[in-house]
Structure formats: structure tokens, C-alpha cells
Amino acid sequence: VQLQASGGGLVQAGGSLRLSCAASGSIFSFNAMGWYRQAPGKLRELVATVSSGDSTNYADSVKGRFTVSRDNAKNTVYLQMNSLKPEGTAVYYCSADYYKGDYSAKYWGQGTLVTVSS
């Protein structure tokens, strides 16, 4: 499956953006879909994940401000980002995880740049 992230851009601190991640195939079978980000000079970090059962998990730094969701009918995952902060500037990547028994696979999208100005 191929993942195409979009929706990044330049926004002022306090503003909002919604990222989308469109999959080339069905996302129904993926155990989890998620968003990660990598700021310049830093390691890639988890932002948020949503399971096939719609359970969500967030990094402490974004709790209460970001919302992750998935639309299986549209094969798309979203990340609504509110009250953005300058430290949120990063390339945001979407991911898809599949695991069954001893087998696991992780797929990555190409990333979309989010720049938050102060």
C-alpha cells in the first residue's frame, strides 16, 4: 500500500491545520494508523495513533490539541491540529501498521511539512 500525506503548510502559532493521509488501498485491515513527526536535527517521534477499533493514543505534547481519526470508507486518516506551537514545526509522516502472529509490517508516507511561525 502507498500512503500520500497532504495538508501541510505555513501557519501562525495558535492556528490550525488538518493533515490527510490517503492510502492507495483499503486501510480496513491495518491494526493501526498513525502520525509521526521529525523536526530538524531531531529523531522522528510519535504524534498520534488510531487503532482499527478507533482507540487513540497521543504524545503528551499534543494531548488536548490534536485529534487523529480514520475513515475506512475513504481509506484516509486525518490529523486535526489546533493551537499549534512553533515547536510543532516538522515534517509529518503518516504510517500504517499490520501485524498478525509473528508477522508485522510498517508502511510510511512521504511526509508533509508543517511550519508554525511565532
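Higher on the page you've got the structure.
Given the structure is predicted, the values throughout are model-derived calculations rather than measurements.

Caption draft 1: Molecular detail of the environment of threonine 67. Mapping threonine 67 onto the fold places it in strand 7 (residues 66-71). When its relative accessible area of 43% is taken as the criterion, threonine 67 is described as partly exposed. The sequence separation of threonine 67 and threonine 49 amounts to 18 residues, and the corresponding C-alpha distance is 9.5 Å.

Caption draft 2: Local environment of the sheet that holds strand 1 (residues 3-6). Read across the open sheet, the 4 strands follow the order 1-3-8-7; overall the sheet is antiparallel. For this open sheet the edge positions go to strand 1 and strand 7, each flanked by a neighbour on one side alone. Strand-to-strand twist in this sheet, taken as the mean axis angle between neighbours without regard to direction, amounts to 15°. As paired elements, strand 1 and strand 3 (residues 17-23) share 4 bridges and run antiparallel to each other. The residue bridging alanine 5 from the neighbouring strand is cysteine 21, located in strand 3.

Caption draft 3: Broad picture of unusual backbone geometry. Positive phi is not limited to glycine here, since aspartate 54 has a value of about 70°. Looking at the secondary structure, you find aspartate 54 in the loop between strand 5 (45-51) and strand 6 (56-58). Judged by relative accessible area, which is 51%, aspartate 54 ranks as exposed. Its identity is not glycine, yet asparagine 75 carries a phi of approximately 55°, on the positive side. Within the element layout of this structure, asparagine 75 appears in the loop between strand 7 and strand 8 (76-81).

Caption draft 4: Focus on the state of the cysteines. If you walk through the whole model with that rule in mind, you get 1 disulfide. Between cysteine 21 and cysteine 94 runs a disulfide, and the two sulfur atoms are separated by 2.2 Å. On the sign convention where negative is left-handed, the bridge of cysteine 21 and cysteine 94, at about 60° about the S-S bond, is right-handed. Here cysteine 21, found in strand 3, pairs with cysteine 94, found in strand 9 (residues 90-100); they are 73 residues apart in sequence, far enough to count as distant. Residues cysteine 21 and cysteine 94 agree in their burial class; the two are buried.

Caption draft 5: Fine view of the pattern of salt bridges. All told, the structure shown has 3 salt bridges when counted by the stated rule. With a closest N to O distance of 2.7 Å, glutamate 45 and arginine 37 form a salt bridge. For glutamate 45, a relative accessible area of 38% translates into the label partly exposed. We note a salt bridge from aspartate 60 to lysine 63, for which the minimum N-O separation is 3.1 Å.

Conventions we followed
Residues numbered from 1 in each chain as written. Predicted model: local features only at pLDDT ≥ 70, side-chain atom pairs only at ≥ 80, totals over all residues. Heavy atoms only, no water. Helix = DSSP H or I, 4+ residues; strand = E, 2+ residues; numbered from the N terminus. Buried < 20%, exposed > 50% of the residue type's maximum accessible area, 1.4 Å probe, protein only. Pairing = 2+ DSSP bridges. Axes fitted to C-alpha atoms, helices over the stretch in contact; angles between N-to-C directions. Disulfide = S-S within 2.5 Å. Salt bridge = Lys/Arg side-chain N within 4 Å of Asp/Glu carboxyl O.

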